[in-house]
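Read off the chains here:
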Amino acid sequence: EERNSVAALENKITELESQVIILTDELEVERSKNIIWEGRVEEFPVATEAWMYMKSVFGWSDAVCAGVLGNFMSETGGQTLALDWDSNSASGYGLAQWLGSREKQLKGKYGEYPTVAEQLEFMHDELYGTNGVTQQVTDWQRDRILNASTAREAAAEFARWFERPASTKYGVRQSNAERALDYFT
C-alpha cells in the first residue's frame, strides 16, 4: 500500500512539473508579446494606439483595422505608420483629414485637439450615425467596409465610401493596408 502511495505521489509530482513547464512557457510567450507591443508603441505610437483601440473597443477584424490604417497612412502618415497630422493644415484635420462641416462637428464634439481615441470614436459615430454625429455612409456601405475579408478590400471600401479621396486609384492605400497588417499581426 505504501508503494502505491509513493507511486501516486510521484505521478502527481510529474503532472505538477508538467503544468509548471506549460505555465512557464505560456508566461514567456506573454512576456514576448508584451515586449513586441512595447516596441510598436515606441516606434509608431499613434498607429499602435489606433490599431489596439479598433481591435479592443470596436472588435474589428485585422483586415478592417489594417484597411483603415492604410487610409490613415495615406491621409496623414506620408505612406508610413508614422501617423501625424498638422492641426493647422488647410487640407483637413486629424487622422482622416476631416474637412468643412465634418471637421467642425469633430471639434465641436471634442474640442480643438481631439485625441486619437476621440477621433476614432467620431469615425465610428460617422459610420453609424450615432451620438449626434451625422452618418457619412449608408448602412450598406458601412457593411461593405466592416465585412471586408482582406486588408486590400477593406482599404478600398474605406477609401471609396468613407474617405472619398480625389483619386479613385486605391493601390497605394491597399499596399499601405497590407504593410499595416504585416506589422501588427
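Let us look at the structure shown here. (Residues numbered from 1 in each chain as written. Predicted model: local features only at pLDDT ≥ 70, side-chain atom pairs only at ≥ 80, totals over all residues. Heavy atoms only, no water.)

## Topic: the overall build of the protein
Here is step 1 of the chain: Of the regular secondary structure elements, the protein holds eight helices and zero strands.
Here is step 2 of the chain: Counted from the first residue to the last, the protein has its helices and strands arranged as α-α-α-α-α-α-α-α.
Here is step 3 of the chain: Relative to its 185 residues, the protein shows a buried fraction of 40%.
Here is step 4 of the chain: Residue pairs in contact within the protein that sit at least 24 positions apart in sequence constitute 53% of those at least 6 positions apart.
Here is step 5 of the chain: As displayed, the protein has an accessible area near 10,400 Å², and 52% of this comes from carbon and sulfur atoms. (Helix = DSSP H or I, 4+ residues; strand = E, 2+ residues; numbered from the N terminus. Buried < 20%, exposed > 50% of the residue type's maximum accessible area, 1.4 Å probe, protein only. Contact = heavy atoms within 4.5 Å. Areas by Shrake-Rupley, 256 points an atom, 1.4 Å probe, with all protein chains shown as cover.)

## Observations concerning the packing of aromatic side chains
Here is step 1 of the chain: One pass over the structure, following the stated rule, counts nine aromatic pairs.
Here is step 2 of the chain: Measuring from centroid to centroid gives 6.3 Å for Phe-72 and Phe-158, while their planes differ by 80°, and the two rings are edge-to-face. Taken together, the positions of Phe-72 in helix 3 (residues 62–76) and Phe-158 in helix 7 (residues 151–163) put the pair 86 residues apart, joining distant regions of the chain. With respect to class, Phe-72 is no different from Phe-158; both count as buried.
Here is step 3 of the chain: Their ring planes at 90° and their centres at 5.0 Å tell us that Tyr-183 and Phe-184 sit as a pair that is edge-to-face.
Here is step 4 of the chain: By way of ring pairs, the aromatic residues Phe-44, Trp-51, Tyr-183 and Phe-184 are connected into one cluster.
Here is step 5 of the chain: Taking NZ or CZ as reference, Arg-102 lies 4.8 Å from the ring centre of Phe-162, over its face.
Here is step 6 of the chain: Seen from the ring of Tyr-93, Lys-107 lies directly overhead, with NZ or CZ sitting 4.3 Å from the centre. (Phe/Tyr/Trp six-rings, centres within 6.5 Å; stacked < 30°, edge-to-face > 60°. Lys NZ or Arg CZ within 6 Å of the ring centre and 35° of its normal.)

## A word on the packing of helix 3 against helix 7
Here is step 1 of the chain: Relative orientation of the contacting elements helix 3 and helix 7 amounts to 55°, with a least axis distance of 7 Å. Between helix 3 and helix 7, the angle is such that the two are oblique. Here the hand of the crossing between helix 3 and helix 7 comes out right-handed. Between helix 3 and helix 7, the residues in contact are Ala-63, Val-64, Ala-66, Gly-67, Val-68, Asn-71, Phe-72 and Glu-75 and Ala-151, Ala-154, Ala-155, Phe-158, Ala-159 and Glu-163, respectively.
Here is step 2 of the chain: Taken together, the residues of the contact of helix 3 with helix 7 sort by class into 10 nonpolar, two polar and two charged. (Axes fitted to C-alpha atoms, helices over the stretch in contact; angles between N-to-C directions. Parallel < 35°, antiparallel > 145°, perpendicular 65-115°, else oblique. Left-handed = near helix turned anticlockwise from the far one by under 90°. Nonpolar A, V, L, I, M, F, W, Y, C, P; charged D, E, K, R; others polar.)

## Concerning helix 6 (residues 139–146)
Here is step 1 of the chain: Taken as a whole, helix 6 has its buried residues at Gln-141, Arg-142, Ile-145 and Leu-146. Down the axis of helix 6, the buried side of the element spans an arc of 130°, and every buried residue falls inside it.
Here is step 2 of the chain: The inward-facing, buried residues of helix 6 contact helix 3, helix 5 (116–128) and helix 7. (Arc of directions from axis to C-beta.)

## Let's talk about unusual backbone geometry
Here is step 1 of the chain: Despite not being glycine, Gln-79 has its phi angle at roughly 70°, a positive value.
Here is step 2 of the chain: Note on placement: Gln-79 falls in the loop between helix 3 and helix 4 (100–110).
Here is step 3 of the chain: On the basis of relative accessible area, Gln-79 is assigned to the partly exposed category, the value being 31%.
Here is step 4 of the chain: Backbone geometry at Arg-164 places phi at a positive 50°, although glycine is not the residue there.
Here is step 5 of the chain: Residue position: Arg-164 is located in the loop between helix 7 and helix 8 (171–184).
Here is step 6 of the chain: Classification of Arg-164 by relative accessible area gives partly exposed; the value is 40%.

## A few points about the nonpolar core
Here is step 1 of the chain: In terms of nonpolar packing, the biggest core is built from 40 residues, with Met-54, Trp-60, Leu-69, Phe-72, Leu-120, Met-123 and Phe-162 touching the most fellow members.
Here is step 2 of the chain: Ignoring anything within four residues of it in the chain, the contact list for Phe-162 reads Ala-96, Trp-98, Arg-102, Met-123, Glu-126, Leu-127, Val-137, Ile-145 and Glu-157. (Core = buried A, V, L, I, M, F, W, Y, C linked by side-chain atoms within 4.5 Å.)

## Comments concerning helix 2 (residues 45–58)
Helical periodicity: at 3.6 residues per turn, an α-helix aligns residues three or four positions apart in one direction.
Here is step 1 of the chain: Here helix 2 contains 14 residues, and its C-alpha end-to-end distance of 19 Å stays within 8% of the 20 Å for a straight helix at 1.5 Å per residue.
Here is step 2 of the chain: Within helix 2, the full set of buried residues consists of Val-46, Ala-47, Thr-48, Ala-50, Trp-51, Tyr-53, Met-54 and Phe-58.
Here is step 3 of the chain: In the segment just after helix 2, Gly-59 is the residue with positive phi, at about 70°. (Expected span 1.5 Å × (residues − 1).)

In short, the description is geometric, and any link to function would need to be established separately.
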